[in-house]
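Single-letter residue listing:
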Amino acid sequence: EVLGRNSGPEALRGLLEYHDKQILWMQHERTAHLLTMLFVCLFTLLSMGYTLLNPAVPYFILSGLLIVSSSAYVFHYYRLENGVQKWYRISSEIRRGLPV
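These numbers were taken from a predicted model, which means no experiment stands behind them.

Reading the values: rules and limits
Residue numbers run consecutively from 1 along every chain, following the written order of its sequence. Totals for whole chains, interfaces and linings use every residue, but because this is a predicted model, local features are given only for residues with pLDDT of at least 70 and side-chain atom pairs only at 80 or more, for both listing and counting. To get the side-chain values, take all heavy atoms of the structure and skip hydrogens and water. Only the stretch in contact is used when fitting a helix axis, every axis being a line fitted to C-alpha atoms; angles between N-to-C directions are given from 0 to 180 degrees. Put simply, DSSP marks the helices as runs of H or I at least four residues long and the strands as runs of E at least two long, and each gets a number from the N terminus on. Here is the rule for angles: anything less than 35 degrees is roughly parallel, anything more than 145 is roughly antiparallel, 65 through 115 is roughly perpendicular, and the remaining ranges are oblique. Crossings are sorted by hand: turned counterclockwise from the far helix by less than a right angle, the near helix makes the crossing left-handed, and turned clockwise it makes it right-handed. Ten residues, namely Ala, Val, Leu, Ile, Met, Phe, Trp, Tyr, Cys and Pro, are considered nonpolar, four, namely Asp, Glu, Lys and Arg, are considered charged, and the remaining ones, Gly among them, are considered polar. Note on aromatic contacts: the rings of Phe and Tyr and the six-membered ring of Trp form a pair at centre separations within 6.5 Å, being stacked when their planes are under 30 degrees apart, edge-to-face when over 60 apart, and tilted otherwise. Exposure categories follow from relative accessible area, calculated using a 1.4 Å probe and restricted to protein chains: below 20% of the type maximum is buried, above 50% is exposed, and the middle band is partly exposed. Identification of polar contacts relies on pairs of N or O atoms within 3.5 Å, with a donor-acceptor requirement for protein atoms, meaning one able to donate a hydrogen and the other able to accept it, and with residues adjacent in sequence counted only if both atoms are side-chain atoms. In this analysis, two residues are considered to be in contact whenever any of their non-hydrogen atoms come within 4.5 Å of each other. Any carboxyl oxygen of Asp or Glu within 4 Å of a side-chain nitrogen of Lys or Arg constitutes a salt bridge here.

Undergrad: Summarise the packing of helix 1 (residues 9–53) against helix 2 (residues 57–97); cite the residues concerned and give the values.
TA: Close contact between helix 1 and helix 2 brings their axes to 8 Å; oriented N to C, the two are set at 160°. By the angle class used here, helix 1 and helix 2 are roughly antiparallel. For the pair helix 1 and helix 2, the sense of crossing is left-handed. Looking at side-chain class alone, the contact of helix 1 with helix 2 contains 26 nonpolar, 15 polar and five charged residues.

Written out as structure tokens, the structure is:
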């Protein structure tokens, strides 16, 4: 449970208000990171295609760096998304604790 059973409705409302503001901020972060990740992955695919058409050491290095960056971004976005989903569950738990 987020708060103990002895927490009053006002404390829960304050916590919910703060929590909802934080979720809005996280949703903004999630959107920004999604767009960045998509562009990094797009450039990775373009770089790999160009490398296949014109094999040269610098192009292989660029493709390798972009593959590493894409992998890191996918992992980061996965963790960010899971964090937001966890915050949604906490928000639901707070709402259940509020009187109707």
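Undergrad: Give me the packing of aromatic side chains: which residues, what numbers.
TA: Applying the stated criterion to the full structure yields two aromatic pairs. When the centroid spacing of 5.0 Å and the interplanar angle of 80° are considered together, the rings of Y50 and Y59 count as edge-to-face. Residue Y50 is classed as partly exposed on the basis of its relative accessible area, which comes to 42%.

Undergrad: So what's going on with the side chain of S70? Which residues, and what values?
TA: Within the secondary structure, S70 is located in helix 2. Overall, the relative accessible area of 8% leaves S70 in the buried class. There is a polar contact of 2.6 Å between the side chain of S70 and the side chain of T44. Among residues more than four places away in sequence, those in contact with S70 are V40, C41 and T44.

Undergrad: Residues and numbers for the pattern of salt bridges, please.
TA: Within the structure shown, the criterion is met by four salt bridges. For E10, the salt bridge is made with R13, and the minimal N-O distance between the two is 3.6 Å. Note that E10 and R13 are positioned in helix 1 at a spacing of three residues, about one turn of the helix. In this structure R13 comes out as partly exposed when scored by relative accessible area, which is 38%. Among the salt bridges present, the one from E17 reaches K21, with a minimum N-O distance of 3.7 Å. Remark: K21 and E17 occur in helix 1; sequence separation between them is four residues, near one turn of the helix. Using a relative accessible area of 52% as the deciding quantity, one classes K21 as exposed.

These figures capture arrangement, not role.
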